[in-house]
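Notes for the structure review
Okay, here's what each chain looks like letter by letter:
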Amino acid sequence: MNPFDAVMIIVILLMAGAGYIAKALTVSGACMSFLVGASVYIGFSLQGFLLLLLFFSTSTLCSKYKKKKTRIRRKAREARQTRLYSSPC
């Protein structure tokens, strides 16, 4: 293992920890992301790891966007139902 590989494994570990701190991952998710990231890096080198990183980043952003959009829709639905049920017959 050359020094660059050791640095990359540490970077993968730090990224998994950052995902947990950012509440994008649970503890088990962070552990698995480290294992998968390290395995992909070891098996497919930097190109494979960058592809995995791209997938994780875009899927996380899409999930956060969808969650925000769902929250807005839920609030609008609750407001409509409140008006509907609180209006006199």
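Everything in this summary refers to the structure shown in the same document. (Residues numbered from 1 in each chain as written. Predicted model: local features only at pLDDT ≥ 70, side-chain atom pairs only at ≥ 80, totals over all residues. Heavy atoms only, no water.)

1. Here's the deal with the overall build of the chain
For the chain, the helix and strand inventory stands at 2 helices and 0 strands. Projected onto its principal axes, the C-alpha coordinates of the chain cover approximately 75 × 20 × 15 Å. Looking at the 89 residues of the chain, the share that counts as buried comes to 16%. Long-range pairs, those at least 24 residues apart, make up 49% of the contacts in the chain between residues at least 6 apart in sequence. Carbon and sulfur atoms provide 71% of the accessible area of the chain, an area that totals close to 7200 Å². (Helix = DSSP H or I, 4+ residues; strand = E, 2+ residues; numbered from the N terminus. Buried < 20%, exposed > 50% of the residue type's maximum accessible area, 1.4 Å probe, protein only. Contact = heavy atoms within 4.5 Å. Areas by Shrake-Rupley, 256 points an atom, 1.4 Å probe, with all protein chains shown as cover.)

2. A word on helix H1 (residues 3–21)
Given a rise of 1.5 Å per residue, 19 residues ought to cover 27 Å, and the 27 Å separating the end C-alpha atoms of H1 matches this to within 8%. Taking the backbone nitrogen of Phe4 as reference, a side-chain oxygen 3.1 Å away marks Asn2 as the first, capping residue of H1. The first or second residue beyond H1 is Lys23, which carries a positive phi of 65 degrees. (Expected span 1.5 Å × (residues − 1). Polar contact = N/O pair within 3.5 Å; in protein donor to acceptor, adjacent residues only side chain to side chain.)

3. With respect to the packing of aromatic side chains
One pass over the structure, following the stated rule, counts 1 aromatic pair. With 6.5 Å between their ring centres and 90 degrees between their planes, Tyr41 and Phe49 make a pair best called edge-to-face. Looking at Phe49, the relative accessible area reads 6%, which means it is buried. (Phe/Tyr/Trp six-rings, centres within 6.5 Å; stacked < 30°, edge-to-face > 60°.)

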